[in-house]
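Residue-level structural notes
Single-letter residue listing:
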Amino acid sequence: MDAAAETGGAVARWDSDPVLTVEHLTMRFGGLTAVGDLSFNVGRGDITALIGPNGAGKTTVFNCVTGFYKPTEGRIAMRHGPGRQQAALDALTNSGARWRRSAEGAVFLLERMPDHEIAHRAKVARTFQNIRLFGGMTVLENLLIAQHNPLMVASGFTVGGIIGLPSYRKAEAEAIDRAAYWLEQVRLTERADDPAADLPYGAQRRLEIARAMCTGPRLLCLDEPAAGLNPRESAELNALLKYIRDEHDTSVLLIEHDMGVVMEISDHVVVLDYGVKISDGDAAFVRSDPRVIAAYLGVEDEEEIDVAEIKQDVDQVARRTPRSDAAGDGR
Amino acid sequence: MAGETTPVPAADNRPAGAQAKAESRRAAPHTVPARDPHSLAESVRDAALAALLAGVLGFFFIGLRTDIAPGGLTITTRWTALVVAILVVFAGRLALNLFVFRTRRPVTGRLAAGAAAGAPQLATAAKWLMRGLFVFALVLPFFFITFVPGRDRQFIDLAILIMTYIMLGWGLNIVVGLAGLLDLGYVAFYAVGAYSFALLAQHFDLGFWMALPLAGVLAAMWGLILGFPVLRLRGDYLAIVTLAFGEIIRIVLLNWYQFTNGPDGISGIPKPTLFGLELKRGEGGFADVFGLAYDPIHRFIFLYYIIFVLALITNLVTIRLRKLPVGRAWEALREDEIACRSLGINTRNTKLTAFAIGAMFGGFAGSFFATRQGFISPESFTFLESAIILAIVVLGGLGSQIGVVIASVVMIGGIEMLRNIGFLSQVFGDGFDPVQYRMLIFGLAMVLIMVWRPRGLIATREPSVALKEKKKIGADLVAQGEGH
């Protein structure tokens, strides 16, 4: 299923300039194949959504990309700098190293790197489906921990910090400024000195995104960011994600069940079912793909679906949510 | 196209049919009215049950006694003791029922409510207590010389002991309180520090000040050696392995006779010098050089200031570390290790630095212990020591520096002070030796404190940084880390 072919012949943007390429990713747990031979690209500067019914393997893909699982098979390549950098990537794959920097940028093989190195070097940040904040620490402290690695260097790996070098104090002030900037973006400036566990649910979700952004990521992976948010909070989340995509050099990969969010903000949607990719394209293409509809509605045989009727039903459901004003453009 | 919204029919949530029946059945009041657990009759019934249980168990444990006699065992019966035991259980249980368990207003409830309301004031009080204690610690030897001239040596010696435990508590606080890694074998590093100095002095003729940093480095190295195998362990397993590590070190010291002199220990460990001056009697000693009359108290004062400065350094370094990225990473590790890894923190290195730095301070304290005693043997480094240090940290409040001080004074000073409870023998008669009961009193006091303040005396966490104002964080929000 080549997305390029299905979107009308031209090579899709995410295939010509991908920031992340997942190739033949397979993850088995004992006898269970959670993800089977999955390949997709995440375009630079795109918001890419990974969707699928419950148990389709979306979070497993996330855990493989961010190094929490070691994939059974496959290659996961992360790129800094423009273009596919195919030569550098092939050389890196054959060399056995974990990453390679060149004049064009840098390429990283995430399946070879431990999780903290993926965050630190490949600059892939993530959030969690069940929010994982440092509950007993303040909001500001949460954001400073996200800047651990640069601050560690500034503190001379602790030695300089203990003797009180001024360079560390300057670096810390800059880190606090950066934290304050992100607090402003997620509207949590007032709560900066409160413990993170005291925040309401929606604010905790926003804080987790701000914390991930404080690591200065090139790719931000969000695991169900809109789960448990009310419609107003969801709309704010959409605006925040668009802001991150447009104003920062950050691509976004997100898992989401809320189709309103997915259809409104996604530039590119990849659909999984039973660990296998069943559709790949822009929101409009995926939305009308009968295989996707079949997967979501649980129809066994594709031949039996009356696509037109189901589309009508889907539109009707979508219309009930206020977000579909923007999502339904052109159709 | 989205302008015309289809009206969604309001969901009818009222159950119908079988569902309604089932729910009404569940909602129906119980046909058998529950007995009032607060009534006097219930209290007596419960106490009688406890007494019966005591009778059944006591029949074998107290009522019958076997003695070795020629030709086998003989059984003697002690019915009076059994009856007394049953009555004590009955009366005790009844009293607890009436005043705590089965009353609508238990006495302990008021205690707990008072404690909760007093938390912010306690934090402010702790701040002033900290300053007061610091000034007092600064002038402590002279205070005792002036006010209790007869027993000044004893008191300064006790202050040295307490200060050593404060330092050990602060060192362990890095590992347990900040990084949240439960370490039951901390005394191993204390032992490594003590033996490092003793052996360096014996074989290489190094003085205290030369050996001190080396002992710290060696202890830190052993901290790393312990750290590696426990990196992946959590909870109970972490506690067991650290406990085993402490015992391994002690048993090696006990059995490696050629190297450590085994159970005989190492004696003749040199005393510390003051810029090359020995605190000894006669020519060239400290008193002689400064034209003072020789007094053995000088050595105690000197030792006190050494441990005071060492403890102060431990405290200042810990306070500073908390505000550095590594200290924040320790606390983050205690809160959520997976989130740490997703933010690019190398959790392996972070855990190892916590173990190494904690161990280093333990090593310094061990060196000091060796030079103070002049003699060390594996006897001094049993599990009980680890348990006491951990109890100091837990009782004081995990992560709290001032809590460790209070807990050390109460625990170490308290045990010693209980030796002086002679007035109790006037109450209980001449045959009563209160010193025999000090551990019991001490244990009870600890149980009471843990019931009253389960998260330690100072349970609030101070944020390491603030945008506008620092607000204390309640203990219920702060995670305790692994193994608690």
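What counts and what doesn't
Residues numbered from 1 in each chain as written. Chains lettered and ligands numbered in written order. Predicted model: local features only at pLDDT ≥ 70, side-chain atom pairs only at ≥ 80, totals over all residues. Heavy atoms only, no water. 1 Å grid on protein atoms, 1.4 Å probe; cavity = no way out; pocket = protein on both sides within 12 Å on 5 of 7 lines; lining within 4 Å. Points joined across faces, edges and corners; volume = space filled by probe spheres on them. Helix = DSSP H or I, 4+ residues; strand = E, 2+ residues; numbered from the N terminus. Nonpolar A, V, L, I, M, F, W, Y, C, P; charged D, E, K, R; others polar. Contact = heavy atoms within 4.5 Å. Buried area = accessible area lost by both parts, 1.4 Å probe. Salt bridge = Lys/Arg side-chain N within 4 Å of Asp/Glu carboxyl O. Polar contact = N/O pair within 3.5 Å; in protein donor to acceptor, adjacent residues only side chain to side chain. Phe/Tyr/Trp six-rings, centres within 6.5 Å; stacked < 30°, edge-to-face > 60°. Buried < 20%, exposed > 50% of the residue type's maximum accessible area, 1.4 Å probe, protein only. Lys NZ or Arg CZ within 6 Å of the ring centre and 35° of its normal. Core = buried A, V, L, I, M, F, W, Y, C linked by side-chain atoms within 4.5 Å. Pairing = 2+ DSSP bridges. Axes fitted to C-alpha atoms, helices over the stretch in contact; angles between N-to-C directions. pLDDT = per-residue confidence, 0-100. Expected span 1.5 Å × (residues − 1).

Glancing now at empty space enclosed by the protein. All names here are of chain A. Scanning all chains against the criterion turns up 5 cavities of 30 Å³ or more. Its boundaries defined by the atoms lining it, the largest cavity holds a volume of some 60 Å³. Contributions of two or more residues to the lining of the largest cavity are made by α10 (201–213) and α11 (231–247). Classifying every residue of the lining of the largest cavity by side-chain character gives 3 nonpolar, 1 polar and 4 charged.

Below, the discussion takes up the interface of chain A and chain B. Taken together, the contact pairs 49 residues of chain A with 40 residues of chain B. Roughly 3,900 Å² of surface becomes buried between chain A and chain B when both sides are summed, with 64% attributable to carbon and sulfur atoms. Residue arginine 328 of chain B pairs with glutamate 172 of chain A through a salt bridge whose shortest N-O separation is 2.6 Å. Our enumeration of links across chain A and chain B arrives at 10 residue pairs in polar contact (both at pLDDT 80 or more). Counting only elements with at least two residues in the side of chain A that touches chain B, the list comes to α5 (115–120), α6 (139–145), α7 (148–154), α8 (159–162), α9 (166–185), α15 (307–319) and α16 (324–327) of chain A. Partitioning the side of chain A that touches chain B into residue classes produces 20 nonpolar, 16 polar and 13 charged.

The next point concerns the packing of aromatic side chains. Following the criterion strictly, the structure yields 23 aromatic pairs over all chains and no others. Considering the side-chain rings of phenylalanine 59 of chain B and phenylalanine 60 of chain B, the 5.1 Å spacing of their centres and the 85° angle between planes classify their relative orientation as edge-to-face. Under the relative-accessibility criterion, phenylalanine 60 of chain B is labelled exposed at 54%. Ring centres 6.1 Å apart and planes at 65° place the aromatic pair phenylalanine 361 of chain B and phenylalanine 364 of chain B in the edge-to-face group. Placement of the pair is phenylalanine 361 of chain B and phenylalanine 364 of chain B together in helix α15 (residues 347–373), with a separation of 3 residues, close to one helical turn. With respect to burial, phenylalanine 361 of chain B and phenylalanine 364 of chain B carry one shared label: buried. Among the aromatic side chains, those forming a connected cluster through ring pairs are Phe134, Phe142, Tyr304, Tyr305 and Phe308 of chain B. Over the ring of phenylalanine 128 of chain A we find arginine 132 of chain A, and its NZ or CZ is 5.6 Å from the ring centre. A cation sits over an aromatic face here: arginine 211 of chain A above phenylalanine 134 of chain A, 4.8 Å from the ring centre.

Another aspect to go through is the nonpolar core. Of all hydrophobic cores here, the largest spans 164 residues; its most connected members are Ile244 of chain A together with Tyr304, Trp330 and Ile376 of chain B. Ignoring any residue separated from it by four or fewer positions in sequence, one finds tryptophan 330 of chain B in contact with Ile174, Leu178, Ala179, Leu321, Thr350, Thr353, Ala354 and Ile357 of chain B.

A few words on the sheet that holds strand β11 (residues 276–281) of chain A. All names here are of chain A. With mixed pairing, the 6 strands of this open sheet are ordered in space as β7-β8-β9-β3-β10-β11. The sheet is open, and its two edges are formed by β7 (124–126) and β11, each paired on a single side. Direction aside, neighbouring strands of the sheet carry axes that sit 15° apart on average. Note: strand β8 (residues 219–223) against strand β9 (residues 251–255), 5 bridges, orientation parallel. By the bridge assignment, cysteine 221 is partnered in β9 with leucine 253. Relative to the sheet, α10 contacts β7 and β8, its axis offset from that of β8 by approximately 155°. Of the strands in this sheet, β3 (47–51), β8 and β9 are in contact with α11, which crosses β3 at around 130°.

Turning our attention to the pattern of salt bridges. Overall, the coordinates contain 30 salt bridges over all chains when judged by the stated rule. In this structure, arginine 132 of chain A and aspartate 336 of chain B form a salt bridge, with 2.9 Å as the shortest nitrogen-oxygen distance. Linking arginine 132 of chain A in the loop between β7 and α6 with aspartate 336 of chain B in the loop between α13 (325–335) and α14 (337–342), this pair reaches from one chain into another. Classification of arginine 132 of chain A as partly exposed rests on a relative accessible area of 21%.

All names here are of chain A. Most of helix α3 (residues 58–65) sits inside the fold, with 7 of its 8 residues counted as buried. All of the buried residues in α3 are Lys58, Thr60, Val61, Phe62, Asn63, Cys64 and Val65. Looking one or two residues past α3, glycine 67 carries a phi angle of roughly 85°, positive in sign.

Let's shift gears to the confidence of the model for chain B. Regions with low pLDDT should not have their predicted coordinates read in detail. Looking at chain B, the pLDDT average stands at 81 and 84% of residues meet or exceed 70. In the model of chain B, helix α4 (residues 107–117) of chain B stands out as the element of lowest mean pLDDT, 57, in contrast to α15 of chain B, which has the highest, 92.

Compared with the 39 Å implied by 1.5 Å per residue over 27 residues, the 37 Å span of helix α6 (residues 152–178) of chain B between its first and last C-alpha is a close match. Burial runs high along α6 of chain B: 23 of the 27 residues are buried.

Looking now at the pairing of strand β1 (residues 64–69) of chain B. All names here are of chain B. In the sheet, β1 pairs with strand β2 (residues 72–77) via 6 bridges, with the strands oriented antiparallel. Bridge pairing links threonine 66 to isoleucine 75 in β2. Remark: 2 residues form the turn of the hairpin made by β1 and β2, two consecutive strands paired antiparallel; glycine 71 in that turn has positive phi of roughly 90°.

The next thing to look at is the pairing of strand β4 (residues 73–80) of chain A. All names here are of chain A. Judged by how many residues are buried, β4 sits mostly within the fold: 6 of 8 residues are covered. Relative to strand β6 (residues 106–109), β4 runs antiparallel, the two being bridged by 4 bridges. Of the residues in β6, the one forming a bridge with histidine 80 is alanine 106.

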